[in-house]
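The lines below spell out each chain.
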Amino acid sequence: IFRTSKENDADAKESAYNTLKRAESILRSYYNHVDNACVFLSSNPKVSMSLQKAFKEPSFSLDSLRALENISLSFQNQIYTNDLLNAIYIYYTNDYGRIFAPLNSKILSFSEENEKRILSLFDCVGETDAWMEFSSTPFLYTEYPSENLLICRKLSKRATEIQNGIVIYSFRADRLKKEMDQLLTYPNQKLFLIDPSSNILWPASDSFTKEDLITISHSFSGQPHETSNTKIYEGVYDNWHTACLTTPRSYGFSFLLLTPRAEIYSTTIHLTSMYILITILAIAVAGFLALLKTKHEYKYLNQIISVFTAPETAIHNVPVSRSFRSGPFEFILTNVINLFIEQNYLRIQDSEK
């Protein structure tokens, strides 16, 4: 049981490490799409300048419309060939409340509410290179509400660090959740995303409140296991084995993995229960056999005592065994009876003499 428990513990740690690494790889693949878009826009000044010009024009010129259509083709190819990708948006600072939607090959105007939302993302991204959030509110009125993962990257003026726009990739959150769920190896195992401020970002859970999850994320202590700038913290919270992965390649985001300890040690628990049951059954069977054996041997002891007490009467009621193989008490009883018979015979002979 001890060996199995140690093996289960080692398997759980290895499984948690592999699960977290695969989850980090999935999220990194999402970021790569956004990174490629930023490289495409920053390495092609003609593209970025054409976009910025279209954003600032009071009314679109024919050249701007052609440029938008050509630029949209490369982004549409990504959307149509990637079923995870829902939409792409590009925003440059402008005075007309506009946003570029490559799927529609147009620069569209959005509502005042969405403009505030875009500007809040713009300001938030200004603090870091990338940001991520989950939202079910569409940017455009033509889109259906659905939960999406928004990954944003800032766009800067060429050869400067001055931010002048953002690119937003909208991924389907249901597909991400499905991919994450496929990584889980234990029943009732849960995987969460944590933002750089140590707030639980996604998904919501009926088993834990956000406060509980934040407490768990802050409860890790000791030295982490480090491999290639990746840090994995491990711990125990109530009846859960906890593991947290942080890596610079995820732009400050972390993964929190919770595994029920009952599932990890299920083999040990089953073995322990089985061994306890076997032990109880063995004791019960041994006790029953001992009782039968004791009753059997007390029966012969009583017969021996009756022979010593009233040999004349008992000698006619006791079956006599002829062999030692039948049992030690039968052998003793036989010899006692033989001794009595011999003594009785000698006493009769002596009397006759």
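To be clear, the structure that these remarks concern was listed above.
Everything quoted here is computed from the prediction, not taken from an experiment.

**Q** Just to check I follow, could you spell out the nonpolar core for this structure?
**A** One broad trend across soluble globular proteins is that nonpolar side chains are buried collectively. Core analysis: the biggest nonpolar cluster contains 49 residues, and Ile-90, Leu-149, Tyr-169, Phe-171, Met-180 and Phe-255 have the highest contact counts within it. With 11 residues, helix α1 (residues 2-43) is the single largest residue contributor to this core. Tyr-91, Phe-110, Ile-118 and Leu-150 belong to the second-largest nonpolar core, a separate cluster that totals 15 residues.

**Q** How do you make sense of empty space enclosed by the protein when you look at a structure like this?
**A** This model, assessed by the stated rule, comprises one cavity of 30 Å³ or more. Roughly 30 Å³ of volume is contained in the largest cavity. The wall of the largest cavity is formed by Met-180, Leu-191, Phe-192, Leu-193, Trp-202, Pro-203 and Phe-255. For the lining of the largest cavity, the element with the most residues is strand β7 (residues 190-194), which contributes three residues. Tallied by class, residues from the lining of the largest cavity come to seven nonpolar, no polar and no charged.

**Q** Looking at this model, I keep getting lost on the pairing of strand β11 (residues 240-246). Mind explaining?
**A** For a regular strand, side chains alternate in direction, first toward one face of the sheet and then toward the other. With respect to burial, β11 is a largely interior element, six of its seven residues being buried. Note: β11 against strand β12 (residues 254-260), seven bridges, orientation antiparallel. Following the sheet pairing, Thr-246 is matched in β12 by Ser-254.

**Q** I keep staring at the packing of aromatic side chains and nothing clicks. Help me out?
**A** What describes a pair of aromatic rings is the distance from one ring centre to the other and the angle between the planes of the rings. On inspection of all chains with the given rule, the structure shows four aromatic pairs. Measuring from ring centre to ring centre gives 4.5 Å for Tyr-30 and Phe-171, while their planes differ by 35°; the resulting arrangement is tilted. Taken together, the residues Tyr-30 in helix α1 and Phe-171 in strand β6 (residues 163-172) connect sequence positions 141 residues apart. In terms of burial, Tyr-30 and Phe-171 fall into one category: buried. Taking 5.7 Å as the distance between ring centres and 85° as the angle between the ring planes, the aromatic pair formed by Phe-40 and Phe-75 counts as edge-to-face. Taken together, the residues Phe-40 in helix α1 and Phe-75 in helix α3 (residues 62-81) connect sequence positions 35 residues apart. On the accessibility criterion, Phe-40 (27% relative accessible area) is partly exposed. Connected via pairs of aromatic rings, a cluster forms that spans Tyr-30, Tyr-169 and Phe-171.

**Q** Sorry if this is basic, but what is going on with helix α2 (residues 45-56) here?
**A** Helical periodicity: at 3.6 residues per turn, an α-helix aligns residues three or four positions apart in one direction. Spanning 12 residues, α2 covers 16 Å between terminal C-alpha atoms, matching the ideal 16 Å at 1.5 Å per step. Among all positions in α2, only Val-47, Ser-48, Leu-51, Gln-52, Ala-54 and Phe-55 are buried. Take α2 and look down its axis: the buried residues cluster within an arc of 160°, on one side only. Exposed residues lying more than 90 degrees from the buried face of α2 are Lys-46, Met-49 and Lys-56. Those residues of α2 that are buried are in contact with α1, α3, β1 (85-92), β2 (98-101), β3 (106-109) and β6.

Calculation rules
- The numbers attached to residues start from 1 for each chain and follow its sequence in the written order.
- With the structure being a predicted model, the display of local features is reserved for residues of pLDDT at least 70 and the display and counting of side-chain atom pairs for 80 or more, all residues being used for whole-chain, interface and lining totals.
- The side-chain numbers reported here are obtained from all heavy atoms of the structure, hydrogens and water having been left aside.
- The set of buried Ala, Val, Leu, Ile, Met, Phe, Trp, Tyr and Cys residues whose side-chain atoms join them within 4.5 Å is what this entry labels a nonpolar core.
- Buried means the residue's accessible area, taken with a 1.4 Å probe over protein chains only, is under 20% of the maximum for its type, while exposed means over 50%, and partly exposed covers the values in between.
- Strands are runs of DSSP state E lasting at least 2 residues, helices are runs of H or I lasting at least 4, and numbering of each runs from the N terminus.
- Residues are called lining when one of their atoms sits within 4 Å of a cavity or pocket point, these points coming from a 1 Å grid over the protein atoms alone, where a cavity is a set in which a 1.4 Å probe fits but cannot get out and a pocket is an open set with protein on both sides within 12 Å along at least five of seven lines.
- Grid points are joined across faces, edges and corners, and a volume is the space filled by probe spheres set on the points.
- Three classes are used, and their members are as follows: Ala, Val, Leu, Ile, Met, Phe, Trp, Tyr, Cys and Pro are nonpolar, Asp, Glu, Lys and Arg are charged, and the others, Gly among them, are polar.
- Two strands pair under a simple rule: DSSP has to find at least two bridges between them.
- Each pair of aromatic rings taken from Phe, Tyr and Trp, with Trp reduced to its six-membered ring, is defined by centres within 6.5 Å and is described as stacked if the planes are under 30 degrees apart, edge-to-face if over 60, and tilted in the remaining cases.
- Here the expected length of a helix is defined as 1.5 Å per residue gap, with one fewer gap than residues.
- By definition, the arc is the one covered by directions from the helix axis to the C-beta atoms.
- Contacts are residue-level and defined by heavy atoms, with any inter-residue pair within 4.5 Å sufficient.

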